Amino acid sequence: MPSDRISKLLDDIRLLDTERFELVQTLRKIILGLDSSITEEVKYGGILFSAEKPFCGIFSYAKHVSLEFGAGASLPDKFKVLEGEGKLRRHIKLSSAQDIAEKHVGEYLLLALRASPVS
């Protein structure tokens, strides 16, 4: 069950754009289903997911949802979908639920989770 802060953020997203809300909810379900130890919290205007330490986050913008990886620069980018050029972070822009499969989100989430220790 999401915390009050998460519920409030999700309500705000739903009021602004139901399609982005559904995309965020789908991503949350996938991420939380990876391992029972994964927790979520509102931080930096989005939802951060941790397995002992943060490994990804979901951020909703005006025209897309961004799945962000704090240590994304160290992830192998087999499908060439990671964006960003900073020293550490990378993200995947998603505009529809179809993008989740087309951009191989599940594989990137597993890579990010494996790079983070799980209790």
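Heads up: the structure comes first, above all this text.
Residues numbered from 1 in each chain as written. Predicted model: local features only at pLDDT ≥ 70, side-chain atom pairs only at ≥ 80, totals over all residues. Heavy atoms only, no water.

J.: Would you explain the overall build of the chain in this entry?
T.: In terms of helices and strands, the chain carries 4 helices and 5 strands. Listing every helix and strand of the chain by position from the N terminus yields α-α-β-β-β-β-β-α-α. What you see for the chain is a C-alpha radius of gyration of 13 Å, in line with the 14 Å of a compact globule of 119 residues. In the chain, the proportion of contacts linking residues at least 24 apart, taken out of those at least 6 apart, comes to 48%. Surface exposure of the chain reaches about 7,000 Å², of which carbon and sulfur atoms provide 53%. (Helix = DSSP H or I, 4+ residues; strand = E, 2+ residues; numbered from the N terminus. Rg over C-alpha atoms; globule rule 2.2 N^0.38 Å. Contact = heavy atoms within 4.5 Å. Areas by Shrake-Rupley, 256 points an atom, 1.4 Å probe, with all protein chains shown as cover.)

J.: Looking at this structure, I do not really get the nonpolar core. What am I missing?
T.: Most often, soluble globular proteins keep nonpolar side chains buried together rather than apart. I31, F49, F55, C56, I58, L67 and F69 are the most contacted members of the largest nonpolar core, which totals 31 residues. Secondary structure elements with two or more residues in this core: α1 (4-16), α2 (18-32), β2 (46-51), β3 (53-60), β4 (65-69), β5 (90-94) and α4 (105-114). Not counting residues within four places of it along the chain, the set of residues in contact with L67 comprises I31, C56, G57, I58, R90, H91, I92, L94, V105 and L109. (Core = buried A, V, L, I, M, F, W, Y, C linked by side-chain atoms within 4.5 Å. Buried < 20%, exposed > 50% of the residue type's maximum accessible area, 1.4 Å probe, protein only.)

J.: Would you take a moment to explain unusual backbone geometry for this structure?
T.: One non-glycine residue, E52, adopts positive backbone phi at about 75°. Here E52 shows up in the loop between β2 and β3. Within the chain, K80 stands out as a residue other than glycine whose phi angle is a positive 55°. Relative to the assigned elements, K80 resides in the loop between β4 and β5. Here K80 falls in the exposed class, since its relative accessible area comes to 68%.

J.: So what exactly am I meant to see when it comes to the sheet that holds β3 here?
T.: Sheet strands pair by backbone hydrogen bonding; their relative direction is either parallel or antiparallel. Across the sheet, 5 strands lie side by side as β1-β2-β3-β4-β5; this open sheet has antiparallel pairing. Lying at the two open borders of the sheet, with one neighbouring strand each, are β1 (39-43) and β5. If you compare each strand with its neighbour and ignore which way they point, the axes differ by 25° on average. Here β3 runs beside β4; their pairing, made up of 4 bridges, is antiparallel. Bridge assignment links I58 to a residue of β4, and that residue is L67. Where α2 meets the sheet, it contacts β1, β2, β3, β4 and β5, and its direction lies at approximately 165° from that of β3. Of the strands in this sheet, β2, β3, β4 and β5 touch α4, which is tilted by about 30° from β4. (Pairing = 2+ DSSP bridges. Axes fitted to C-alpha atoms, helices over the stretch in contact; angles between N-to-C directions.)

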